[in-house]
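# Observations on the three-dimensional arrangement
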Amino acid sequence: MAQNPRTSEADTAPNNGRNIRLSRRNYVRSIATAAAATVTAGVAGSATADEEYEEIPAEGQTINVDDGETWENKLIDLTTGKDIVITAQGTDWTIRNIGFKGKNTSGTGSATFGVADTGGNTSTVENVYLGDGADDRNASSSGHGQTAFWVHPDHSGHLDIQNVNIQGYADNAIYASAPGTGGGGTVHIDGSFAANCYVSHFRLATEGSKVTNSSVYVDDEGYAGRGIWAWAPGTIEVEGCQIEMNGQNTAIDAGANGSATTVTVRDSDYDEQAGIAEHAGSTVQLEDDVGTDPEAFMPDGVPTSAEEAASGSSE
């Protein structure tokens with residue numbers, strides 16, 4: 001597939017069609033060029049006998065995770081100044097215990113992970129550290145920087161994302177709204193932490209998709225993207241979450257591209273100053289146990305370093 005030019009995405013009026021670009025990031029471009037740079041999962045890198053994980057230097061390669069495959073216990077070294085792309089499509093695959101050491105410096109506006117369960121079953125991402133973020137060469141206030149996770153429009157099954165730590169990415173921490181215009185698969189983000197990312201931190205679209213037991217944190221030191229962004233068709237569920245925005249951007253943003261959606265929020269706190277936005281007839285439904293005094297937290301089991309994630313010790 002050809003890589004189409006990127007288009008900008010305004011902070012308040014998302015670009016029409018952005019959500020359905022099949023050529024999103026290096027995910028698709030990498031498939032087209034996989035013969036030159038692909039490594040089969042579990043093969044790349046080197047490990048010594050006394051290591052609990054395999055260390056892989058980023059060298060511009062693509063790693064593919066296929067049907068039923070588990071890719072785990074890897075330390076990705078981004079201090080090489082090169083990029084790495086991990087793609088997982090098919091079904092019943094698992095990615096876990098992956099730590100990224102150093103900032104992403106590629107400057108290409110790619111996605112580190114391009115994922116989808118295209119077989120109608122369940123695939124899993126758990127215990128991943130992307131907390132070192134991206135440096136200024138891959139960062140832009142218009143959102144033309146690195147995405148941590150991009151869920152392909154063809155996603156038709158269910159994806160569990162648990163215990164991930166994503167900080168300082170310039171174009172969405174978890175960009176999982178594209179299936180709303182494609183395969184219609186669901187995404188459950190649980191027990192995860194995202195901070196200082198742009199355009200949004202957790203972005204979902206399909207009915208049955210939800211964010212639970214997770215935190216978003218934004219301060220004046222990094223990128224100030226939306227806390228949770230819900231695209232159509234929805235309904236999107238938010239439960240047990242703390243969305244601490246320090247007055248920046250929007251805590252919960254519902255609707256995009258002229259299409260309405262619904263968000264239900266339970267047992268959570270959001271930043272009232274950042275507030276709630278409802279576009280195109282969207283509705284954010286707040287239950288009685290929703291407050292406006294958020295205190296972002298690091299959920300149990302979330303890795304706080306690359307080594308911790310790679311070794312699985314955070315589990």
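Here is a short report on the structure shown in this document. (Residues numbered from 1 in each chain as written. Predicted model: local features only at pLDDT ≥ 70, side-chain atom pairs only at ≥ 80, totals over all residues. Heavy atoms only, no water.)

### Section: the nonpolar core
Across soluble globular proteins, nonpolar side chains have a tendency to be buried as a group. Ranked by size, the top nonpolar core spans 56 residues in total, and within it Ile-95, Phe-100, Phe-113 and Ile-166 carry the most contacts. With sequence-adjacent residues up to four places away left out, Phe-113 is seen in contact with Ile-86, Ile-95, Ile-98, Phe-100, Val-128, Leu-130, Ala-148, Phe-149 and Trp-150. Grouped together as the second largest cluster of nonpolar side chains are eight residues, Ala-170, Val-199, Ala-205 and Trp-229 included. (Core = buried A, V, L, I, M, F, W, Y, C linked by side-chain atoms within 4.5 Å. Buried < 20%, exposed > 50% of the residue type's maximum accessible area, 1.4 Å probe, protein only. Contact = heavy atoms within 4.5 Å.)

### A short note on the environment of Ile-228
Following the sequence through the fold, Ile-228 ends up in strand β17 (residues 226–234). For the pair Ile-228 and Leu-204, spaced 24 residues apart in the sequence, the C-alpha separation amounts to 8.0 Å. Discounting chain neighbours no more than four positions away, the residues touching Ile-228 are Phe-202, Val-211, Val-238, Ile-243, Ala-251, Ile-252 and Asp-253. (Helix = DSSP H or I, 4+ residues; strand = E, 2+ residues; numbered from the N terminus.)

### Section: the pattern of salt bridges
Counted by the stated rule, this structure contains seven salt bridges. For Glu-54, the salt bridge is made with Lys-74, and the minimal N-O distance between the two is 2.4 Å. Of this pair, Glu-54 sits in strand β2 (residues 54–57) while Lys-74 sits in strand β4 (residues 70–77), and the two are 20 residues apart along the sequence. The class of Glu-54 is buried, set by a relative accessible area of 11%. Relative accessible area serves as the criterion here: at 7%, Lys-74 is assigned to the buried category. Taking the shortest distance from any N to any O, the salt bridge between Arg-96 and Glu-126 comes out at 3.7 Å. In this pair, Arg-96 sits in strand β6 (residues 94–101) while Glu-126 sits in strand β8 (residues 122–130), placing the two residues 30 residues apart along the sequence. The class of Arg-96 is partly exposed, set by a relative accessible area of 26%. Within this structure, Glu-72, Arg-96 and Glu-126 form a network of salt bridges that share partners. (Salt bridge = Lys/Arg side-chain N within 4 Å of Asp/Glu carboxyl O.)

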